[in-house]
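One letter stands for each residue in the lines below.
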Amino acid sequence: MSTRRLVILGKQGAGKGTQCELLVERYGIAHISTGDMLRAAVAAGTELGRQAKAVMDAGDLVSDELILGIVAERLTEPDTAAGFLLDGFPRTEAQADGLFALLAPNTVDRAIDLDVPDEVVTQRMLERGRADDTPEAISRRLELYEAETAPLRKLFADQGVLVSVDGLGTPAEVHGRIVAAIETAP
Ligand code: AMP
């Protein structure tokens, strides 16, 4: 497999950020984090940033239309030709459908579901203390994850690309599990 088109699924605080850094370095693929793109837009004070800021502060989801627009544009950039890692996207069924339409007739090679219990991620989030990490926003995001994003596992499983990885342990241990899951048949 030379091109690697990857998706990482997991709650906030599951360790996606750390694992994404290790994966993009290992495979030389583009890291596409919709959360990072939105935060950059907020910091730059663009129209997109203005639209997204209040929604992000409340822990709610930015509209599918807006997100699909920025991802579609990002996927046309040349650094994605060797592969990419989608982080924080898709988060809803509409976004997953939009992604499949963008990639057709291909699909992703693996969707990695990074599994960590709610109690552990909540504790990690409170320690991280990002501006949008209030207890209310944290529990809102966990609720939304269960309602909107967890069901996407089935869509990826139906395509035969879902792998579930235990997210507890050191970053190196978890990375080793993810690499094994990517490099063996799902
Ligand atoms: P993240 O860094 O992935 O946790 O994203 C931070 C915030 O940005 C989220 O709580 C959402 O408000 C928004 N966001 C990021 N990615 C998406 C997405 N794919 N769909 C909707 N909202 C998103």
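Residues numbered from 1 in each chain as written. Predicted model: local features only at pLDDT ≥ 70, side-chain atom pairs only at ≥ 80, totals over all residues. Heavy atoms only, no water.

S.K.: Got a sec to walk through the packing of helix H4 (residues 64–74) against helix H5 (residues 93–103)? Specific residues and values, please.
M.R.: Between H4 and H5, the shortest axis-to-axis distance is 10 Å and the interhelical angle comes to 30°. By the angle between their axes, H4 is roughly parallel relative to H5. The element H4 and its partner H5 pack so that their crossing is right-handed. Side by side, H4 and H5 meet where Asp-64, Ile-67, Leu-68, Val-71 and Ala-72 of the first sit next to Ala-94, Gln-95, Gly-98, Leu-99 and Leu-102 of the second. Here the contact of H4 with H5 is built from residues that sort into seven nonpolar, two polar and one charged. (Axes fitted to C-alpha atoms, helices over the stretch in contact; angles between N-to-C directions. Helix = DSSP H or I, 4+ residues; strand = E, 2+ residues; numbered from the N terminus. Parallel < 35°, antiparallel > 145°, perpendicular 65-115°, else oblique. Left-handed = near helix turned anticlockwise from the far one by under 90°. Contact = heavy atoms within 4.5 Å. Nonpolar A, V, L, I, M, F, W, Y, C, P; charged D, E, K, R; others polar.)

S.K.: Kindly report on unusual backbone geometry, identifying the contributing residues and their values.
M.R.: The amide bond that connects Phe-89 to the next residue, Pro-90, takes the cis arrangement and shows omega of -5°. By secondary structure assignment, the location of Pro-90 is in the loop between strand S3 (83–87) and H5.

S.K.: Go over the layout of surface pockets with me, naming the residues and quoting the values.
M.R.: Taken as a whole, the largest pocket encloses approximately 840 Å³ of empty space. Contributing to the lining of the largest pocket are 40 residues, with Lys-16, Gly-35, Gly-88, Arg-91 and Arg-130 lying nearest its centre. Counting residues per element, the ones that place at least two in the lining of the largest pocket are strand S1 (4–9), helix H1 (16–27), strand S2 (30–33), helix H2 (34–44), helix H6 (118–128) and helix H7 (135–149). For the lining of the largest pocket, the residue count by class is 14 nonpolar, 14 polar and twelve charged. Here the second largest pocket defines a volume of roughly 150 Å³. Lining the second largest pocket are Arg-39, Val-42, Lys-53, Met-56, Asp-57, Arg-130, Ala-131 and Asp-132. Of all the elements in the fold, those that place two or more residues in the lining of the second largest pocket are H2 and helix H3 (47–57). The leading source of residues in the lining of the second largest pocket is H3, at three residues. Across the lining of the second largest pocket, the residue classes break down as three nonpolar, no polar and five charged. (1 Å grid on protein atoms, 1.4 Å probe; cavity = no way out; pocket = protein on both sides within 12 Å on 5 of 7 lines; lining within 4 Å. Points joined across faces, edges and corners; volume = space filled by probe spheres on them.)

S.K.: Please set out H7 residue by residue, giving values where relevant.
M.R.: Side chains three or four residues apart in an α-helix point the same way, a direct result of the helix having 3.6 residues per turn. Here H7 contains 15 residues, and its C-alpha end-to-end distance of 20 Å stays within 8% of the 21 Å for a straight helix at 1.5 Å per residue. All buried positions along H7 are accounted for by Ala-137, Ile-138, Arg-141, Leu-142, Leu-144, Tyr-145 and Thr-149. End-on, the buried residues of H7 take up no more than an arc of 165°, which puts them together on one face. Across from the buried face of H7, at angles greater than 90 degrees, the exposed residues are Pro-135, Glu-136 and Ala-147. Elements in contact with the buried residues of H7: S1, H3, strand S4 (110–115), H6 and helix H8 (152–158). (Expected span 1.5 Å × (residues − 1). Buried < 20%, exposed > 50% of the residue type's maximum accessible area, 1.4 Å probe, protein only. Arc of directions from axis to C-beta.)

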